[in-house]
Each structure stands twice: as structure tokens, then as C-alpha cells.
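# Commentary on secondary and tertiary structure
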Amino acid sequence: MSTIDTHNAGQHAHHEGSYLTPHGGALATIWNWATTIDHKKIGVMYLFAIMFMFFLGGVAALGVRAELWEPTRVVTEVVEGETVTSYTGQVLVNLAPIVPGVESEGGISAGMNIYNRAFSLHGIIMTFMVIVPSVPASLGNFFLPLMLGAKDVAFPRLNLMSWYIYVFGSIFAVAAVVMGGVDTGWTFYTPYSTMTDADHLRVVFVILAAFILGFSSILTGLNFIVTVHKLRAPGMGWFDMPLFVWAMYATAIIQVLATPVIGITLLLLIFERVFHVGIFDPRMGGDPVLYQHFFWFYSHPVVYVMIIPAFGIINEIIPVHARKKLFGYRAMAFATLGIAAVSFLVWGHHMFTASGELAAMIFSALTFLVAIPTAIKVFNWVATLYKGSIAFNTPMLYALSFLFMFTIGGLTGLPLATLATDLHLHDSYFVVAHFHYVMMGGTIIAFVGGIHHWWPKMFGKLYNERWAIVGCVLVFIGFNLTFFTQFILGTRGMPRRYASYPDEFQFLHQLSTIGSWILGIGFLIHLGVFVHSLVAGRKAPENPWGGLSLEWETESPPIEHNFHHEPIVKHGPYDFDTVQPPHTDPAEFPMPEPLRPGERTH
Amino acid sequence: MADQQHQGPAGSPTSEKEKLGFDPHDPHGFHEGEEHGHHILSMRMLVVILALLLALTGLTVGSAQAEIIIAEELGISIPQWVNVTIAMTIATVKAILVVAFFMQLYYDTKLNTMILLFCLLTFGLFIGFTSIDMGNRDRIYSWKDGQHTPGGTGGLGLERGAFDSDRNPRRTTVTGPDGEDTGRTRRASEEVAGAITDYSADPDVARTRIDADVLERLERYQERRRAQRPAASPNRVTDLSSPRLFAPPDDEDGDGNN
Amino acid sequence: MTSIETGGNPPQHNQQPPALSTEPRWKRQPFANHWRSHAEDFDACKIGMWLFLTTEVLLFAGIFVAYAVFRMWYPEAFANGSHHLDVHWGALNTVILLISSFTVAASIRNAQLNQQGLLKINLSITLVCALLFMIIKFTFEYAPKWAEGKRPGVWFSYPFAADPNEHIWWSLYYTATGIHALHVLIGAGVLFVVLLKSFKGWYGPKHYTGIEVAGLYWHLVDVIWIFLFPLLYLIH
Ligand code: HEM
Ligand SMILES: [Cu+2]
């Protein structure tokens, strides 16, 4: 690929240190990072912030699952002539003394109140603070310019600003948690979000947090679009870009077009809550379903903001670790754009039970369109794997898990998109399982796979492959145990967001809870692997996997200005059959044998 | 890239540029775009655009005033869509003038125009699909009224009762506070919506924790609403405990059957 | 097997303009070092601004959608509410914004032609227009209406309302014009910074990214008003 012109080689080369080189003492280094406009540092800061939020959200999720270990039972006893009512099976009730404002009231015990807050907290953190920014803001920030052969993103200062907005927004959310949390669910549906906790500011805080985080998302997207348009290395046409870049581009378009709508939605919601303007309040002639339209106009496209970057990562992992040219490059690129386009046409499928039937019919029909580009992608990945020389290392294992789980997640979307079946499945555990299969089994799995794929490049250190594989396998088992059971629960009628359930569901709930522990252990192992690698990892070579895209040209970790010389691109990112990857030994990464007459690779 | 021959400086520059995808003499584009993108509008042009904009503003205000005057003096009420169309057309023309010339989109790269068009397309999708739903609530109420025959026309407009003889949503006349005819009409669904409003205002049913001041205001608002409500029409449902809410409108005894 | 490319003779780093301190500020203006030329930087900033304007339009889209839906539902409330607005103030504000748009466009021309004096005058006129707009909005529109009880949502207490849903109209009126007014303030703030910088000579031929970008924003605020004006004041 991109062959580097050595024109001024030697004059400049090897003077510049890695971007990780400390600047002076500890304080100076911290100041340097806090004010950096280097996309790599901002990407790394995002990565750690997102990991931290993922940890917080994960703790809340474990709490939710713990609460569901046993159904709540009301126990009425007569103690010394007085009737005393108490509850059993409420693990979270033990937290009541430390959570403000969750006293029992109106038949809802404090434990249930905490449960409501725990799942809302989990959902809000995971969507707005983890999955939406996850890949674009961390890996995207780091690798988009590298893959394009650029020195930085188009607007580096805006990039730093977006990071600070992210932190600022997250602080609001965390403040709301410290004040006692909210029980609105991540969707902030009215009237939950306009009526509950009327004597507290925390709902406003959380809504504000989501509002602020939207700006960070917009700025990232805006930056990426301009970068892709303006900063491609010479020789890199649109169809010479790595598909990860295409994915970032499509994601950025959705971010720019959809996020403002959540901005105005949340603003109107705050007006509704604080000033009671009445537009979402049926008592005053307003309409809660209007809120749902507003919300999902953003939030359906945003699920593609979550998944398209994951597609991008898988597009990189599979050809590199299978050492095979990607099957159907153009189809992939167009499918990515197609998904982005269709994502704006289907939001009504979240409101089949609330909206008019005419709209529901239209939205149902349109939703099935999503399956087409998605299926093209899955087909192409499998075709790429076919006859490849697959290395079963952690990134590849994650990519394979992704294929398995995302396919399940996508296919279960179809019964949800069917009007008749959705009437039964809506707001049940089936929906919960569906979106966890796509968001966790899809996005998070691809994200973790991508972190492993690029870890040596980002930090210049190798990680412990064996332990990483152990973590990967545990995550796979834990995830499926946690969420496959929920498909069954959902079809049997277990509604989502309930703290208790009939006794006959207990076995499946307990399996699910056990799965969540395995999942937790798997992620902790990954954390250990990362820390170990940073502290004691072996030095990584420039190109440990034999990748062909531009980021593998530069050093590991990259130098401050990314490349010693601006690269000029001469071949595509997946030409494994014709190009020896940079910095690699042909003995270690041999090119495929020439085809015998009549033989085909696909 | 063993199989590719090194490209020498031979060949005409343009063909080479096309072949390589970049200019070999300026591969990094250092001098690209130096001469473009700085269109200078003439002062005359700017003034003409401003004059046009001001004239159009006058026109749109004038036509709106004209409508009122015609209605008041001559007693002819022009249909609303005429007024809406005129006002929105003029606004669109004004916006295009500002965007194309003041914002210089006309002289700018195509990409920026594309961005704007995508933005408007998204806007169109948003408003279009939302209106499809929000403007078709009648369909739901006809289901709930039991006027819809399962397996029939699927709520597409042939149900008895919800639609008048012209297959338009049935409308009832709105009477003023003193029972006089206002000449205005409202849709069947709006009546049902009104009834639901009463329902949720019942403090026992809709238990809210809004602070007392707001509650009081709400109550005053409800009172005002009740006071302004037209005199009872045979189809109006006020008591929600009665099965009449979901009964066909010409159900006399309120038992859910005709 | 990385082949060597020697076709061109690309300079290592971008060619920054010479920083002679005697030259005007705009000539000494460097551009960020990941760009290849000033023109690229300028182009990119413009694309970025158009993308940002897209987000602004879609922010207002929410209000327009709410307007459309409630207008469809409660046409009488909207007709009545609209009658309560004073077309004269609305029209005056439209004219003010149009003039300010014109002065911003003219100030870009001034920068392109290096007319430093006119540049400052035009920017100042724009700021005065913004101020006038806000004064009219608050003293002649919001304040009297609020006092009469024409308020949004539950605060609505106008005794002569002819339609039970008129408060929805006022909610949308205050939301739409309020958010628009906020944008006027932000735009004026940005233009103020541009004005200050213009006193230091930051802008000149081919080096006026700041004005261009702030100007685009200001025009957008104008365009939004161009639509809000008939929707709120004229359509009865
Ligand atoms: C083949 C593609 C897909 C189809 C057909 C599909 C369809 C659906 C439908 C119809 C629902 C609504 C279910 C209900 O509430 O009754 C739903 C919910 C959901 N989907 Fe998907 N989906 C697809 C892919 C995805 C992807 C890729 C993601 C995210 C990465 C995703 C995330 C979600 C979420 C978060 C919800 C639930 C939101 C909530 O109510 O809290 N879906 N999906
Ligand atoms: Cu969806």
C-alpha cells in the first residue's frame, strides 16, 4: 500500500518521538494531555473515559440482575398484635439507607424504587456515555486520520472540545446519580420524565446530561465528515478507503443529521417538566406520543451510530486475520451508506402499540428494508472467511462471536418489526434480549475485538494472548447465558422493567443472573490483560498482524505527526493477494500461492 | 507492488493525473484550490438582493392583511390553504435568496449544496412521517369505537360513522359559549380526546406530585376549558365510567350497541 | 515490498506565510499544520460550518414539526393565537434581520477587498440590528403579552381565550421565538468577537474565515426567522 516517499528521508525521520513520550515532569505531562489537540491522545482519553463509564454501567447492570435473583414476595405477619408488612427477595433494598429519596410509597417498596433507578442508570450510561461515543470517539479518533494518511482530524481543537463536553455531560449524569438517581428509563418517556421526582432536580440533570453529550457526538461527526472529504492521502480515492473509514463516515452523517433532533426533544422535555408548557401532556391537549416520535427519530438512527462502527471494525479484523482480500468491497461500502439512509425511515417501529395503524403499517414495511444491506454484510464477511488462513487470536475470536451474535440480534429484530408479533413481544424481555444481542453482542463485542486488534499499535505493547482468549470465551458464554434466556422469558410474557415476576420464571432469571457474573469476570480478565500489557507488555512490532491499511505503516506507537512522510497510496487496503504488508517478513506473512488454472478463491 | 511498473514522468500531465488519481507534480495538493472559493459579490448585487427581500416581506405582509380586509369588509373568507401557500412560497423564495447569494451557496462547492439538501430531506422525513401518524388518529378511534369491522377495510376510510357521506372524517359543528353556531367544526377524535382529558384530570386517577401551585393552575385551566365547552352535543361523552366512550356515536342508550 | 515513489517533490511541511511583523495581521495568520494550504483550511471550515448549520436547522425542525402537528389538531387555537400577535413588530423585526444579513454579507466583501474601515462599520451595524431585534422582542412583544396572561402551558391565564387549546399556541410561540432569540444572542456574541478581531486586523483578502463562518451562522438565524415570521404572524 501506501508506499511512503522517501524523498526527504533521513532529514526528518526518526527525530520525532512517539506520541506517548512524556513531556517533562508528571504535572507537565498531565497539562500536555489535558490541552492536547492530538487526535491520538484525545482518542486514548476517550477510550479510558468510556471504559470507566462502561464499568459504572456494568455495576448497575449486575445490580439489576442481582435484584432479579428472586421474585419479590410480600410477607404480612402479626407481631405483638400489630400487622407488619415486609418484602423478601429484594437484594437492592439494602442500599436504601444510602440512596436519597427512595423511601417506600404507594405500594412500591424502597427496593423496587432502587431497582427502577438501577436499570435507568444502566440504560442511560450505556447508551449515551458508552455505546454512542464508544467506537467513533476512541478508535475512530485514533485511527481515522491514520488510515487516511493525515496528520490529524480536520478540526483538532473542536475535537478536544468534544472531549471536554463529553466529560462535562458525564459529570451531570453522575451528579444526578449521587443525588439519588432517576427512574425514567433511558428513553425519558413522558409522563415518567415529567412527573416523577417532582421535588428533585436530578431528572433535569440527567436530561441535561444527555443534551450536552449530544453536542459532543455532533462535533465528532462533523469533524469526521470534513476529515474524510478533505484529508485523504494523495492517491486514496473514495473506494480506496478502508471500510472502517467508510463506517466512520456513514456514522458521522447519522450523528450530524439525527443528534440535533434529540437536542430539541430534550429541550422541549425540560420545558415541559420545568415550565409545564403542555405539548407532551394530554391533560392540556398535548400528546405523549409526539414525544415518542421525537425521541425515536433520533434514537433509531442512533442505534446505527452504535452498530455501523462495529461493522467497520469487523471489516478490518476479518480480512487482516484471515489474510484474504475482502469479498465485495463496493457492496460493503454501499451497504454501509444504505443502512445509514434506511435508518431514518423506520423509527416508528418502536411505537407500533402507541401510534396509528396506518403509520405502523408503513413503518413495519420500511423496517424490513434494513435487513437487506445487513444481510449483504454478513454474507460478505462469511465469504471473506471462506478459504482464508484464519488466525484464531483474540480479535478474530471476537469477530466470529460478533458474526454469531449480531446475526441472532438482527434476525430477532424481524419478529419485532412484524405488527402482529410485536403486539405480543413489545416491551417484553424479548426486546431486551434483541437489543442486547445487537448492542452488546454486536457493538461492544466488536469494540473489544477492535481494541485488541489495535492495542499494539495504540500503545506499542503486546497483550497476553492466552488470557485474552480466556476472557473472550468467558464473555461469549456469559453473554449468551445472560441474554438467550431472556428471549425465552420474553416470549413467555415476562415484561421488561419489572422488579418482580411470577415464580415459574425464577429458573430462567437465575440462569440469566449467573450469566451476568460470568460476563463480569470475563471483562475483569480483559481489564487485567490491558493493565498487564501497559505495565509489563512486550514491545510490539510495527505490524504484528500483517495489516495493509496505512496505520500499519507507521511506528507502534505512532509518532506525534503520525507519519514521517505524507504517504501516497498505490493500492487498496485489502490487497492481501498482491501486496506484501509493510514491515513484515514474507516468511511470517507469506502471500498466497498463485491460483492454479480454473481455481477460484470464492 | 512488484507487479506495477514505476511511473516515470513520461506522458501528458493530465492523463497521468487521471491514471494516478493525484497530480504527480503536486501529489499532496499544496497548491490545490488556491484560486477557487473566493467569489466576491458586487455591491450592486448585494443591494438588489436586499431590495428584493424587503419587497417580498412587504408582499407577504400585504397579502395577509388583504385576507383580513377582504374577510371583514366584503365578508368573503378565502380558504386557509391559499393564505398558507402564498406565505410559505414567499418565505421559501426569500430563504433561497439569502442562502444562494448572501451565504454564497450559488458560488460555492457542490458539496455544501448537497449538505443542505440532505438536511432538508431529513427534515422532510421527520415532518412527513410524524404527520402521517399524528394526522391519522381518527383511524385508531374508529377501531376503539367498534365501528371498524375486523377483516374489513382495515381502517382505510370506509367505516360507518367515522366518516361522512363524502368519506371525509366526520365533523361536528362547534357551538360557542352561549350555544350560538360558530361556523367551525371539529373532528370526532377531538371530542374523544377532550373526554380523555377530563378523565386524567381526576386527581384520584392521575396521581401526580406536581407542586400545589401548578395543580391549582391546572385546575383553573380545566375550569376554563369546561366553561368554554360547547353545549352538550348528543355525541359528547363526559362521563367516562359510562361505556359510551367506546360506543358508536349514534348509540342512544349507551350500552355499546345501536 | 514497499515500492518507492519519487514522482513528485512534495515539501515536508506546509508552507506557512512568512511572519514579518510589519505585515498586517491577516497576512501573518498561520494555518493549522495538518492542512496543505490556506485554501484547504478555508474550504474545510466552510464545510464544517455548513454541517453545523445542518444541525441547527434540524434543531428547529423539532419546533416546526410540533407546530405542524398542533396546527393540524387545533387550527382554531392557532388562528386565534396568531391574531394576538402584532404584525407590525414582526415585520419590523424581519426588516431589521434582513438588513443585518445584508451588512454581514457586505462585511465579507469588505474583507475580500481589504476595506478595513467599512468592514468595522458593517459589522457594527449588524450588532446594532441584533440589539434592536432583541429590544423589540422583549419590550414590545414578550412583556405586554406575558402581562396580559398570554403565557405558555399552565401559566396561560388570558381570560378571553376563544379556544380551549390556545395555551398550546403560546407554548410554541414562546419556545420558537425564545430559542430563536437565543440564537440571535449567540450569533451576536460571535460577531462581537469577530468585530474585536477586526480591530486587530485579523481579516483581509483570502483570510477571512472567521467572518465567513460567523456570517453563515448569522444568515441562518435570519433564514429561520424568515420562516417563523409568516408561520407565527401571518397565517390566520
Ligand atoms: C435487522 C435489523 C433490526 C431490526 C429489524 C430491528 C427491529 C427492532 C424493533 C421492531 C424494535 C422495537 C421492539 C419493541 O419495542 O416492540 C427494536 C428495538 C430495539 N432495537 Fe432493534 N432492530 C434491528 C437492529 C438493531 C440494531 C443494530 C440495534 C443497535 C445496535 C438495535 C437496537 C434496538 C434497541 C436499543 C431497541 C429497544 C429500544 C427500547 O425500547 O428501549 N436494533 N428493534
Ligand atoms: Cu429501531
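Given the structure is predicted, the values throughout are model-derived calculations rather than measurements. (Residues numbered from 1 in each chain as written. Chains lettered and ligands numbered in written order. Predicted model: local features only at pLDDT ≥ 70, side-chain atom pairs only at ≥ 80, totals over all residues. Heavy atoms only, no water.)

### Brief notes about the overall build of chain A
Of the regular secondary structure elements, chain A holds 15 helices and four strands. Taking 25 Å as the expected radius of gyration for a compact globule of 602 residues, we find that chain A reaches 25 Å, a close match to that expectation. Overall size of chain A, expressed as C-alpha extent along the three principal axes, is 90 × 60 × 45 Å. Counting over 602 residues, chain A shows a buried share of 65%. (Helix = DSSP H or I, 4+ residues; strand = E, 2+ residues; numbered from the N terminus. Rg over C-alpha atoms; globule rule 2.2 N^0.38 Å. Buried < 20%, exposed > 50% of the residue type's maximum accessible area, 1.4 Å probe, protein only.)

### Brief notes about the overall build of chain C
In terms of regular secondary structure, chain C is built from seven helices and zero strands. The linear arrangement of helices and strands in chain C, starting from the amino end, is α-α-α-α-α-α-α. Out of the 236 residues in chain C, the part that is buried amounts to 64%. Residue pairs at least 24 apart in sequence account for 74% of intrachain contacts in chain C once pairs closer than 6 positions are excluded. Just so you have it, chain C exposes about 7700 Å², and 70% of that area is on carbon and sulfur atoms. (Contact = heavy atoms within 4.5 Å. Areas by Shrake-Rupley, 256 points an atom, 1.4 Å probe, with all protein chains shown as cover.)

### Thoughts on the site of ligand 1
All names here are of chain A. Trp186, Asp422, His426, His434 and Arg496 are the nearest of the 21 residues found near ligand 1. Between Asp422 and ligand 1, the recorded distance is 2.5 Å, taken from a side-chain N or O atom to an oxygen atom. With respect to ligand 1, the side chain of His426 contributes an N or O atom lying 2.7 Å from an oxygen atom. Listing elements by their share of the shell around ligand 1, those giving two or more residues are helix H8 (288-322), helix H10 (357-385), helix H11 (394-417) and helix H13 (429-459). Looking at which element gives the most residues to the shell around ligand 1, the answer is H13, with five residues. (Near = heavy atom within 4 Å. Polar contact = N/O pair within 3.5 Å; in protein donor to acceptor, adjacent residues only side chain to side chain.)

### What about the coordination of the iron atom of ligand 1?
All names here are of chain A. There is one protein donor for the iron atom of ligand 1, namely His434 (NE2), at 2.1 Å. Separating the iron atom of ligand 1 from the copper ion (ligand 2) is a distance of 4.5 Å. Within the secondary structure layout, His434 lies in helix H13. (Donors = N, O, S within 2.8 Å, 3.2 Å for Na, K, Ca; no water.)

### With respect to unusual backbone geometry
Residues and elements named next belong to chain A. Cis geometry is found at the peptide bond from Thr190 to Pro191, where omega equals 0°. Its place among the elements puts Pro191 in the loop between helix H4 (156-178) and helix H5 (192-195). A cis amide bond links Ser556 with the next residue in sequence, Pro557, at an omega value of -10°. The phi dihedral of Asn562 is positive, around 75°, even though this residue is not glycine. Residue position: Asn562 is located in the loop between helix H15 (506-536) and strand S4 (567-568).

### A word on the pairing of strand S2 (residues 73-79) of chain A
All names here are of chain A. Examined bridge by bridge, S2 and strand S3 (residues 82-88) share seven bridges and lie antiparallel to one another. Counted as the bridge partner of Val78 is Thr83 from S3. The loop that links S2 with its antiparallel partner S3 comprises two residues; one of these, Glu80, has a positive phi angle of about 50°. (Pairing = 2+ DSSP bridges.)

### Concerning helix H4 (residues 87-112) of chain C
Residues and elements named next belong to chain C. When the terminal C-alpha atoms of H4 are compared, their 38 Å separation across 26 residues agrees well with the 38 Å that a helix rising 1.5 Å per residue should span. Between the side-chain oxygen of the N-cap and the backbone nitrogen of His88 there are 3.0 Å, and the N-cap of H4 in question is Asp86. Phi for Asn114, located one or two positions after H4, is positive at around 60°. (Expected span 1.5 Å × (residues − 1).)

### Considering the coordination of the copper ion (ligand 2)
All names here are of chain A. His300 (ND1), His349 (NE2) and His350 (NE2) make up the full set of protein donors to the copper ion (ligand 2), lying at 1.9 to 2.1 Å. Written as a sequence motif, the donor residues of the copper ion (ligand 2) are H-x48-H-H. His349 sits in the buried class, given a relative accessible area of 15%. On the basis of relative accessible area, His350 is assigned to the partly exposed category, the value being 22%.

### Comments concerning the packing of aromatic side chains
All names here are of chain A. Counted by the stated rule, this structure contains 79 aromatic pairs over all chains. Ring plane angle 80° and centroid distance 5.7 Å describe the contact between Trp381 and Phe402, whose orientation is recorded as edge-to-face. Here the residue Trp381 occupies a position in helix H10, and Phe402 occupies one in helix H11, the gap between them amounting to 21 residues. By relative accessible area, Trp381 is classed as buried at 0%. (Phe/Tyr/Trp six-rings, centres within 6.5 Å; stacked < 30°, edge-to-face > 60°.)

### Considering the state of the cysteines
By the definition in use, this model includes zero disulfides over all chains. Not part of a disulfide, Cys45 of chain C finds its nearest cysteine sulfur in Cys119 of chain B, a span of 20 Å. (Disulfide = S-S within 2.5 Å.)

### Observations regarding the environment of Ala106 of chain C
All names here are of chain C. Mapped onto the secondary structure, Ala106 falls in helix H4. The buried category is assigned to Ala106, whose relative accessible area is 2%. Once the C-alpha coordinates of Ala106 and Thr177 are considered, the two residues, 71 residues apart in sequence, prove to be 27 Å apart.

### Brief notes about the packing of helix H7 (residues 243-275) of chain A against helix H2 (residues 38-73) of chain C
At a minimum axis separation of 8 Å, H7 of chain A and H2 of chain C run at an interaxial angle of 40°. With respect to H2 of chain C, the axis of H7 of chain A lies oblique. The handedness of the crossing between H7 of chain A and H2 of chain C comes out as right-handed. In this structure, H7 of chain A uses Val256, Leu257, Pro260, Val261, Gly263 and Ile264 of chain A to contact H2 of chain C, whose residues at the interface are Leu51, Thr54, Thr55, Leu58, Leu59, Gly62 and Ile63 of chain C. Considering only residue class, the contact of H7 of chain A with H2 of chain C consists of nine nonpolar, four polar and no charged. (Axes fitted to C-alpha atoms, helices over the stretch in contact; angles between N-to-C directions. Parallel < 35°, antiparallel > 145°, perpendicular 65-115°, else oblique. Left-handed = near helix turned anticlockwise from the far one by under 90°. Nonpolar A, V, L, I, M, F, W, Y, C, P; charged D, E, K, R; others polar.)

### Description of the packing of helix H3 (residues 75-83) of chain C against helix H6 (residues 166-199) of chain C
Angle between the axes and distance between the axes: these two values describe a pair of packed helices. Residues and elements named next belong to chain C. Direction vectors running N to C along H3 and H6 enclose 60°, while the axes themselves pass 8 Å from each other. Looking at the two axes, H3 sits oblique to H6. Read as a crossing pair, H3 and H6 show a hand that is right-handed. Across from Ala77, Phe78, Asn80, Gly81 and Ser82 in H3, the residues of H6 making contact are Glu166, Ile168, Trp169, Trp170 and Leu172. Taken together, the residues of the contact of H3 with H6 sort by class into six nonpolar, three polar and one charged.

### Focus: a nonpolar patch on the surface
Residues and elements named next belong to chain A. A surface patch of nonpolar side chains, amounting to about 730 Å² of accessible area, comprises Phe48, Phe55, Val59, Leu524, Leu527, Val531, Leu534 and Val535. Elements with a contribution of two residues or more to the nonpolar patch: helix H2 (39-67) and H15. When residues in the nonpolar patch are grouped by element, the largest group, five residues, is from H15. (Patch = residues over 30% accessible without salt bridge, like charges linked within 9 Å, V, L, I, M, F, W, Y side chains within 5 Å. Salt bridge = Lys/Arg side-chain N within 4 Å of Asp/Glu carboxyl O.)

### Some words on the nonpolar core
Ranked by size, the top nonpolar core spans 288 residues in total, and within it Leu139, Phe188, Ile308 and Phe402 of chain A together with Phe70 of chain C carry the most contacts. Residues in contact with Phe188 of chain A, not counting those within four places in the same chain, are Ile124, Phe128, Ser193, Val206, Ile207, Ala210, Leu266, Leu269 and Tyr291 of chain A. With 18 residues, the next largest nonpolar core counts Val64, Phe119, Met494 and Leu508 of chain A among its residues. (Core = buried A, V, L, I, M, F, W, Y, C linked by side-chain atoms within 4.5 Å.)

### Re the side chain of Thr103 of chain C
All names here are of chain C. Take Thr103: it is sitting in helix H4. Here the side chain of Thr103 touches Thr126 through a polar contact of 2.8 Å, side chain to side chain. Sequence-distant contacts of Thr103, that is, excluding residues within four places in its chain, are made with Asn122, Ile125 and Thr126.

### Describing the pattern of salt bridges
Residues and elements named next belong to chain C. Under the definition given, this model contains 10 salt bridges over all chains. When the shortest N-O distance is used, the salt bridge between Glu141 and Lys145 registers 3.7 Å. One end of the pair is Glu141 and the other is Lys145, both in helix H5 (residues 116-147) and four residues apart, which spans about a single turn. Lys145 shares its class with Glu141; the two are buried.

### Side note on the confidence of the model for chain C
Residue and element names in this part refer to chain C. Residues of chain C with pLDDT of at least 70 account for 89%, and the chain-wide mean is 86. Overall, residues 1-14 carries pLDDT values under 50, and its contacts beyond four positions in sequence, including any with other chains, amount to 44 contacts. As scored by the predictor, the complex reaches a pTM of 0.85 and an ipTM of 0.91. (pLDDT = per-residue confidence, 0-100.)

### Let's talk about the confidence of the model for chain A
When the pLDDT values of chain A are averaged, the result is 90; 96% of them are 70 or greater. Overall, residues 1-14 of chain A carries pLDDT values under 50, and its contacts beyond four positions in sequence, including any with other chains, amount to 48 contacts.

### Overview of the environment of His200 of chain A
Relative to the assigned elements, His200 of chain A resides in the loop between H5 and helix H6 (202-230). On the basis of relative accessible area, His200 of chain A is assigned to the partly exposed category, the value being 28%.

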